[in-house]
Amino acid sequence: ARYADLAVNVTRIWSRDDMHLLTDLAFHSPLYLHFMGKLIKGWLDVAIMGDTEQGKTEVTLSFMKHYRMGQRILCKNATRAGLMGGMEKMGTDGKMWVVWGKVPQNDRGLVVLEEVKGASAETLHLLTDMRSSGEASLTMIGGGFRARARTRLIWVSNPRDRRPMSQYPSGVDALRLLMETPEDVRRFDAAVFVAAGEVEDTIINRSRKDAPEIIMMREFSAKF
């Protein structure tokens, strides 16, 4: 009922409860969890992958607006410096300064990485350690620099090779091709795969007025 309500009043994307659930979990994931006497990573790193026009972008953008949280990053031609950080020359004296990328800038927050297929697999591989440790690290001549990057991540992408999801043996095969290395795939805590045809076009984007039973339920609950 929660995600039917969100579909009506927030996202306008229907019959994609699994995508709503995963996105909601990412937004509400804690920084840390106590597990068997240890304090472990709690912030989620998740993927939403599938064919175009399945509501991936609409759901994540709607949740950002609804919860008033998060930053969306377009990954087309993304670089390590833009995502994690790098050195930049500033001022008239030409001194080099560390400029942290979007992920550490949003420590304790959330970043939606959109159009991930536009970034090279080599660039994504440079983020591997940061994703698991929650710390961005830059090693330069004369020393190193570190910044916290306990950032909830939602990776949104179509398949890298433009094939429809129905042509893959499984969704994980498409994700493996996107990231290219097993260590990058295993950093994901969970993933949802959406394919064209699973939900009819007349249903997934139907108007709010076509769901009177949910609206009535919401209005009835508000009275009591």
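Read on for an overview of the structure. (Residues numbered from 1 in each chain as written. Predicted model: local features only at pLDDT ≥ 70, side-chain atom pairs only at ≥ 80, totals over all residues. Heavy atoms only, no water.)

### Things to note about the overall build of the protein chain
Phase 1: Secondary structure summary: the protein chain contains 11 helices and 11 strands in total.
Phase 2: The 224 residues of the protein chain split such that 42% are buried.
Phase 3: Within the protein chain, contacts between residues at least 6 apart in sequence are counted, and of these 71% link residues at least 24 apart.
Phase 4: Only carbon and sulfur atoms are counted for the fraction: they give 54% of the accessible area of the protein chain, which is about 12,500 Å². (Helix = DSSP H or I, 4+ residues; strand = E, 2+ residues; numbered from the N terminus. Buried < 20%, exposed > 50% of the residue type's maximum accessible area, 1.4 Å probe, protein only. Contact = heavy atoms within 4.5 Å. Areas by Shrake-Rupley, 256 points an atom, 1.4 Å probe, with all protein chains shown as cover.)

### Remarks on a nonpolar patch on the surface
Phase 1: Together, Leu33, Phe35, Met36 and Ile40 make up an exposed nonpolar region whose accessible area comes to about 420 Å².
Phase 2: On the secondary structure map, Phe35 appears in strand E1 (residues 32-35). (Patch = residues over 30% accessible without salt bridge, like charges linked within 9 Å, V, L, I, M, F, W, Y side chains within 5 Å. Salt bridge = Lys/Arg side-chain N within 4 Å of Asp/Glu carboxyl O.)

### Considering helix H2 (residues 17-28)
Phase 1: With 12 residues, H2 should cover 16 Å at 1.5 Å per step; its first-to-last C-alpha distance of 16 Å lies within 8% of that length.
Phase 2: Those residues of H2 lying buried are Met19, His20, Leu22, Thr23, Asp24, Ala26 and Phe27.
Phase 3: In this fold, the buried residues of H2 make contact with helix H1 (2-11), strand E3 (45-50), helix H3 (56-67), strand E7 (110-114), strand E10 (152-157) and strand E11 (190-194). (Expected span 1.5 Å × (residues − 1).)

### Some words on the nonpolar core
Phase 1: Leu113, Val116, Met130, Trp155, Leu175 and Met179 are the most contacted members of the largest nonpolar core, which totals 29 residues.
Phase 2: Mapped by element, the contributors of at least two residues to this core are E3, E7, strand E8 (135-140), E10 and helix H8 (171-179).
Phase 3: Of all the elements, H8 adds the most residues to this core, at 4 residues.
Phase 4: Those residues within four positions of Leu175 in sequence are excluded, and the remaining contacts are Ala47, Met49, Val185, Phe188, Ala191 and Phe193.
Phase 5: One finds Tyr3, Val46, Val59 and Phe63 within the second-largest nonpolar core, a separate group that totals 19 residues. (Core = buried A, V, L, I, M, F, W, Y, C linked by side-chain atoms within 4.5 Å.)

### A closer look at the side chain of Asp45
Phase 1: Along the chain, Asp45 turns up in strand E3.
Phase 2: At 2.8 Å, the side chain of Asp45 and the side chain of Arg131 are in polar contact.
Phase 3: Those residues in contact with Asp45 that sit more than four places away from it in its chain are Arg131, Leu153, Trp155, Arg187, Phe188, Asp189 and Ala190. (Polar contact = N/O pair within 3.5 Å; in protein donor to acceptor, adjacent residues only side chain to side chain.)

### Looking at the sheet that holds E3
Phase 1: Strand order across the open sheet formed by 5 strands is E4-E7-E10-E3-E11, with parallel pairing between neighbours. At either end of the open sheet lies a strand with only one pairing partner, and these are strand E4 (71-74) and E11. Taken pair by pair, the neighbouring strands of this sheet meet at an average axis angle of 15°, ignoring direction.
Phase 2: With 5 bridges joining them, E7 and E10 adopt parallel strand pairing. Bridge pairing in E10 links Leu113 to Trp155. (Pairing = 2+ DSSP bridges. Axes fitted to C-alpha atoms, helices over the stretch in contact; angles between N-to-C directions.)

### Quick notes on H1
Phase 1: All of the buried residues in H1 are Tyr3, Leu6, Ala7, Val8, Val10 and Thr11.
Phase 2: Positive phi appears at Arg12, one or two residues downstream of H1, with a value of about 65°.

### Looking at the environment of Gly197
Phase 1: Among the structural elements, Gly197 can be located in the loop between E11 and helix H10 (201-204).
Phase 2: Along the sequence, Gly197 and Ser166 sit 31 residues apart, while their C-alpha atoms lie 9.2 Å from each other.

### A few points about the packing of H1 against H2
Describing two packed helices takes the angle between their axes plus the distance from one axis to the other.
Phase 1: Contact geometry of H1 with H2 gives a least axis separation of 10 Å together with a crossing angle of 85°. On the basis of their axis angle, the class for H1 and H2 is roughly perpendicular. Along its contact with H1, which presents Arg2, Tyr3, Leu6, Ala7 and Thr11, the element H2 presents Asp17, His20, Leu21, Asp24 and His28.
Phase 2: Looking at the contact of H1 with H2 residue by residue, the classes come out as 4 nonpolar, 3 polar and 3 charged. (Parallel < 35°, antiparallel > 145°, perpendicular 65-115°, else oblique. Nonpolar A, V, L, I, M, F, W, Y, C, P; charged D, E, K, R; others polar.)

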